[in-house]
Amino acid sequence: MSRAEETEAPDTGVPETADTGVPAEKAARPPRANPLWALALFRSELTITLRRWRTLALLGVLALIPILIGIAVRIETSDGGGFGGGRGGEGSGPAFFPQITNNGIFLVFASLAATLPVFLPMVIGVIAGDAIAGEAGSGTLRYLLVAPAGRTRLLLAKFTTTMAFCLIATLVVALSSLVTGALLFPLGDVTLISGITVSFEEALLRALGVAALVALSLVGIATVGLFISTLTNSGIAAMATTVGLVITAQILDTIPQLHAIHPYLFPHFWLSFADLLREPVYWDELVKNLGLQGLYVAVFGSAAWARFTAKDITA
């Protein structure tokens, strides 16, 4: 018997490819994705999002708002009077505003309270609404769906990028407020809403907690925007629809006759973060807010996945 006959592979009954000798069953099997691919995809999506001029412009506007608020308060109180010109707070905005002149850290809370109802959710709506529809409109979506990315991994990367942007946008407002407050107003021990005075260090920790709560308050509308983004190939239409929903929900939340649906509207508990500035902390509405945002994430996140995985990608 020759050496070739001795080393000949046994016949397994599975056809082999002509070029490689690999069984056809294995050759037809798609390559298994690297577990680190999802992390790399997320990093790539976040980098692309943050490098866009539109994103930088939106973050710049968010950073500018606390500066304008701080300058306005500084000018109005330059004569030694209180904020609001002694009008008893009427038309003076959130309750944190009169405290800014006593302690600059209150500019953080006032700015978050001022931007949360409109500016922050509108910025998040633009980013979330453009996540999928923008790629489809520019014709790059089909190229993102090649292996080993896949639809589920891509949607997850878009989702986590949007969630990360919620935190980034909130921190931009908070950090801009803190720096502006430190430059224009005194800093020191903080008197909480409940009347108890805490150290500046503890107040900073509470400010960080407030920023985290505000970011988590935005995940509901972010997920809704992502779902809307899977329904159309027009990024502008998805962004406009998401922003329109933000405005509509805010209006509905102010109509007393619709009080029955108020607890189910995503912005209803947004300003509950003020309860973190009490001692002891009032957890009731904080927990309700987190639960409501979680419900929106579960419902509209599942809907986005169901729609995107079954969507006919033509662009």
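Residues numbered from 1 in each chain as written. Predicted model: local features only at pLDDT ≥ 70, side-chain atom pairs only at ≥ 80, totals over all residues. Heavy atoms only, no water.

Going by what an unreviewed UniProt entry lists, the protein is known as ABC transporter permease and is assigned to Streptomyces antioxidans.

Engineer: Is there a simple way to think about the packing of aromatic side chains in this case?
Structural biologist: Both the distance between ring centres and the angle between the ring planes are used here to describe each pair of aromatic rings. Inspection of every chain in the model, using the stated rule, returns seven aromatic pairs. Seen in terms of ring centroids, Tyr296 and Phe300 are 5.8 Å apart; in terms of plane orientation they differ by 10 degrees. Their pairing is stacked. Residue Tyr296 and its partner Phe300 are located together in helix α13 (residues 284–310), separated by four residues, close to a single helical turn. Residue Tyr296 is classed as buried on the basis of its relative accessible area, which comes to 14%. In this structure Phe300 comes out as partly exposed when scored by relative accessible area, which is 24%. Taken together through their ring pairs, the aromatic side chains of Phe227, Phe266, Trp270, Tyr296 and Phe300 make up a single cluster. (Phe/Tyr/Trp six-rings, centres within 6.5 Å; stacked < 30°, edge-to-face > 60°. Helix = DSSP H or I, 4+ residues; strand = E, 2+ residues; numbered from the N terminus. Buried < 20%, exposed > 50% of the residue type's maximum accessible area, 1.4 Å probe, protein only.)

Engineer: Honestly, the nonpolar core in this entry has me stumped. Any pointers?
Structural biologist: One recurring pattern in soluble globular proteins: nonpolar side chains tend to sit buried together. With 63 residues, the main nonpolar core has Phe96, Ile100, Phe109, Val210 and Phe273 as its most contacted residues. Elements with a minimum of two residues in this core: α4 (53–76), α5 (106–115), α6 (119–130), α9 (150–184), α10 (200–217), α11 (219–229), α12 (235–252) and α13. Those residues within four positions of Phe96 in sequence are excluded, and the remaining contacts are Phe106, Phe109, Ala110, Ala113, Ile193, Phe273, Ala274 and Leu277. Judged by nonpolar contacts, the second largest core, of 10 residues, contains Leu41, Leu154, Leu155 and Phe227. (Core = buried A, V, L, I, M, F, W, Y, C linked by side-chain atoms within 4.5 Å. Contact = heavy atoms within 4.5 Å.)

Engineer: Help me understand empty space enclosed by the protein in this model?
Structural biologist: Empty pockets left among the atoms are what a rolling probe the size of a water molecule brings to light. Enumeration over the complete set of coordinates arrives at one cavity of 30 Å³ or more. In this structure, the largest cavity spans a volume of roughly 110 Å³. As for the largest cavity, its lining consists of Glu45, Thr49, Arg52, Arg54, Ile127, Asp130, Ala131, Glu135, Lys158, Thr161 and Thr162. At the level of elements, α3 (37–51), α6 and α9 are the ones that each hand at least two residues to the lining of the largest cavity. In terms of residue count, α9 provides more of the lining of the largest cavity than any other element does, three residues in total. The class makeup of the residues in the lining of the largest cavity is two nonpolar, three polar and six charged. (1 Å grid on protein atoms, 1.4 Å probe; cavity = no way out; pocket = protein on both sides within 12 Å on 5 of 7 lines; lining within 4 Å. Points joined across faces, edges and corners; volume = space filled by probe spheres on them. Nonpolar A, V, L, I, M, F, W, Y, C, P; charged D, E, K, R; others polar.)

Engineer: Can you walk me through the UniProt feature "transmembrane region" (unreviewed entry) in the protein in this structure?
Structural biologist: Residues annotated in UniProt with the feature "transmembrane region" (unreviewed entry) correspond here to residues 56–75, 105–133 and 207–228. Within the segment residues 56–75, helix and strand shares are 100% and 0% respectively, and the terminal C-alpha atoms sit 29 Å apart. Secondary structure content for residues 207–228 is 95% helix and 0% strand, while the C-alpha to C-alpha distance between its ends is 32 Å. (UniProt positions renumbered as here; feature names shortened; annotations may be inferred.)

Engineer: Any chance you could explain the confidence of the model for the protein here in plain terms?
Structural biologist: Chain-level pLDDT for the protein is 83 on average; 78% of the residues reach the 70-or-more range. For the protein, per-element mean pLDDT is lowest for helix α1 (residues 3–7), which scores 43, and highest for α11, which scores 95. Scored below 50 in pLDDT, residues 24–31 makes five contacts in the model with residues more than four places away or belonging to other chains. (pLDDT = per-residue confidence, 0-100.)

Engineer: I keep staring at a nonpolar patch on the surface and nothing clicks. Help me out?
Structural biologist: A contiguous nonpolar patch, built from Leu64, Ile67, Leu68, Ile71 and Ile75 and spanning about 440 Å² of accessible area, is present on the exposed surface. Inspection of the secondary structure puts Ile67 in helix α4. You can call Ile67 partly exposed: its relative accessible area is 32%. (Patch = residues over 30% accessible without salt bridge, like charges linked within 9 Å, V, L, I, M, F, W, Y side chains within 5 Å. Areas by Shrake-Rupley, 256 points an atom, 1.4 Å probe, with all protein chains shown as cover. Salt bridge = Lys/Arg side-chain N within 4 Å of Asp/Glu carboxyl O.)

Engineer: Looking at this structure, how should I read unusual backbone geometry?
Structural biologist: Backbone phi values are negative for most residues with the exception of glycine, while trans is the configuration of most peptide bonds. Residues Glu279 and Pro280 are joined by a peptide bond in cis, for which omega reads 5 degrees. Along the chain, Pro280 turns up in the loop between α12 and α13.

Engineer: Looking at this structure, I do not really get the packing of α11 against α12. What am I missing?
Structural biologist: Working note: a packed helix pair is described by the angle between its axes plus the distance between those axes. Following both chains from N to C, one finds α11 and α12 inclined at 145 degrees, their axes separated by 9 Å at the closest point. The interaxial crossing formed by α11 with α12 has right-handed handedness. Contacts from Ile221, Val224, Gly225, Ile228 and Ser229 of α11 reach α12 at Ala238, Thr241, Thr242, Leu245 and Val246. Classifying every residue of the contact of α11 with α12 gives six nonpolar, four polar and no charged. (Axes fitted to C-alpha atoms, helices over the stretch in contact; angles between N-to-C directions. Left-handed = near helix turned anticlockwise from the far one by under 90°.)

Engineer: It is not clear to me how the packing of α9 against α11 should be interpreted in this structure. Could you clarify?
Structural biologist: Running from N to C, α9 and α11 cross one another at 145 degrees; their axes reach a closest spacing of 10 Å. Between α9 and α11 the crossing geometry is right-handed. Facing α9, whose interface residues are Leu155, Lys158, Phe159, Thr162, Met163 and Cys166, α11 presents Val219, Ala222, Thr223 and Leu226. Residues of the contact of α9 with α11, tallied by class, amount to seven nonpolar, two polar and one charged.

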